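Residue-level structure breakdown
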Amino acid sequence: MGHKFDPKNVARLDDPARLDYQPVRDVLGLLELTGDETVVDYGAGVGYLTLPLAAALPRGRVVAVDMSAELLEELGERLHGQASRGATRASDGATAADERVELVHTVDNRVPLPDGSADAIVAVNLWHEIYDEPAALDELRRLLTPGGRLAIVDWATVERPIGPRAAHMLSLDQALAVTDGMGLVATAVHPAGSLFPYHYAIVARPRA
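Residues numbered from 1 in each chain as written. Predicted model: local features only at pLDDT ≥ 70, side-chain atom pairs only at ≥ 80, totals over all residues. Heavy atoms only, no water.

Structural notes on the nonpolar core
Selection rule: Grouping buried Ala, Val, Leu, Ile, Met, Phe, Trp, Tyr and Cys residues that are joined through side-chain atoms within 4.5 Å yields what is termed a nonpolar core. Burial classification: accessible surface area is computed with a 1.4 Å probe over protein chains only, and a residue below 20% of its type maximum counts as buried, one above 50% as exposed, and the rest as partly exposed. Strands are runs of DSSP state E lasting at least 2 residues, helices are runs of H or I lasting at least 4, and numbering of each runs from the N terminus.
One finds Tyr42, Ile121 and Trp127 to be the most contacted residues of the largest nonpolar core, which totals 29 residues. Secondary structure elements with two or more residues in this core: strand 1 (38–42), strand 2 (61–66), strand 4 (118–124), helix 5 (127–130), helix 6 (134–143), strand 5 (144–155), helix 7 (172–181) and strand 7 (199–206). Among the elements that make up this core, the one with the highest residue count is helix 6 (four residues). Val39, Ala44, Leu75 and Ala151 belong to the second-largest nonpolar core, a separate cluster that totals 26 residues.

Here's the deal with the pattern of salt bridges
Selection rule: Each salt bridge in this description consists of a side-chain nitrogen of Lys or Arg and a carboxyl oxygen of Asp or Glu lying within 4 Å of one another.
Applying the stated rule across the entire model yields seven salt bridges. Here Glu74 and Arg78 are joined by a salt bridge, their closest N and O atoms 2.9 Å apart. Highlighted residues: Glu74 and Arg78, both in helix 4 (residues 69–84), separated by four residues, approximately one helical turn. The partly exposed category is assigned to Glu74, whose relative accessible area is 27%.

Describing the packing of aromatic side chains
Under the convention used in this document: Pairing of aromatic rings covers Phe, Tyr and Trp, the last through its six-membered ring, and needs centres within 6.5 Å; plane angles under 30 degrees mean stacked, over 60 mean edge-to-face, and all others mean tilted. By the criterion adopted, a ring carries a charge over it if an Arg CZ or a Lys NZ lies within 6 Å of its centre and within 35 degrees of its normal.
Per the counting criterion, the structure on display carries two aromatic pairs. With centroids separated by 5.7 Å and ring planes inclined at 45 degrees, the aromatic side chains of Tyr21 and Trp155 adopt a geometry described as tilted. Residue Tyr21 is located in helix 1 (residues 18–21), and its partner Trp155 is located in strand 5; the two are separated by 134 residues in the primary sequence. Taken as a pair, Tyr21 and Trp155 share a single burial class, namely buried. Judged by centre distance (5.8 Å) and plane angle (55 degrees), the ring pair of Tyr21 and Tyr198 falls under tilted. You can see Tyr21 sitting in helix 1 and its partner Tyr198 sitting in the loop between strand 6 (184–190) and strand 7, a full 177 residues away along the chain. Look at Tyr21 and you get buried, because its relative accessible area is 10%. Grouped by ring-pair contacts, the aromatic residues Tyr21, Trp155 and Tyr198 constitute a single cluster. Residue placement shows Arg18 over the ring face of Tyr48; its charged tip is 3.7 Å from the ring centre.

Quick look at the confidence of the model for the chain
The condition is simple: Confidence scores here are pLDDT values: one per residue, from the predictor, ranging 0 to 100. Contacts between residues were defined by any pair of non-hydrogen atoms, one from each residue, lying within 4.5 Å.
The pLDDT averaged across the chain works out to 88; a share of 86% of its residues lies at or above 70. Predicted confidence is poor over residues 87–94, with pLDDT under 50, and the contacts of this stretch with residues over four places away or in other chains come to nine contacts.

Some words on the environment of Glu77
When you line up the elements, Glu77 lands in helix 4. The spacing of Glu77 and Val46 is 31 residues in sequence and 9.3 Å in space, taken between C-alpha atoms.

Here's the deal with the side chain of Thr38
If you trace the backbone, Thr38 turns up in strand 1. Judged by its relative accessible area of 15%, Thr38 is buried. Beyond its immediate stretch of four places on either side in the chain, Thr38 contacts Arg61, Val63, Ser117, Ala118, Asp119 and Ala120.

Re unusual backbone geometry
A positive phi angle, near 55 degrees, is found at Asp108, a position not held by glycine. Summarising the element assignment, Asp108 is placed in the loop between strand 3 (101–105) and strand 4. Classification of Asp108 by relative accessible area gives exposed; the value is 66%. In the Ramachandran plot, Asn109 falls in the positive-phi region, its phi being about 65 degrees despite a non-glycine side chain. With respect to the helices and strands, Asn109 occurs in the loop between strand 3 and strand 4.

Digging into the sheet that holds strand 5
Rules: DSSP calls a pair of strands paired once it identifies at least 2 bridges connecting them. Whenever a helix is involved, its axis is fitted only over the stretch in contact; in every case the axis is a line through C-alpha atoms, and angles between N-to-C directions fall within 0 to 180 degrees.
Read from one edge of the open sheet, seven strands run 3-2-1-4-5-7-6, paired in mixed fashion. In the strand order of this sheet, the two ends are held by strand 3 and strand 6, each with one partner. Taken pair by pair, the neighbouring strands of this sheet meet at an average axis angle of 20 degrees, ignoring direction. Here strand 1 pairs with strand 2 via five bridges, running parallel. Residue Thr38 lies in a different strand from strand 2, and its bridge partner there is Arg61. The strands touched by helix 6 are strand 1, strand 4, strand 5, strand 6 and strand 7; relative to strand 5, the strand with the most contacts, the crossing angle is about 135 degrees.

In structure tokens:
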């Protein structure tokens, strides 16, 4: 069983230092968004990526998925707060960001979306938690469109001053073996120290 995040440590998700070692722009860059996609933020937590994703998808939508109802409740409050501060509608008819986000509390790793409905899925700091859960991996694969992409960013097994113990993490080769077993082909691989100092990143697509 993978090492699980404890919602009691929610303050770590908002650590300002995270913007330095895991910049949102670089995570979103892995997705190569055009603005009208449906993106699943799997393991959304309190919305570190959810809110920026919504801003990057003026004609699309974000499905924020998490197994913690507590974290999703906090994310909902943040979305409501953003709306109450006067988030505006784009001139091209795009809806306000909070209207483009759907919050989903996953139970038994099920996400209530049709097969092939996600143009992209992003899973950040999560792969070491679900790599040995076939139900979760099957669900991610089910959700992807034939040309969709799965972006994985997770803590690497390198010496670092922050993050979970390296012994709880997967090596890059182990992470790639998991995606291969899902029937995905890696189209971009970034070892720790390249794109992110403490994380590896993988972008994978369904095998033709």
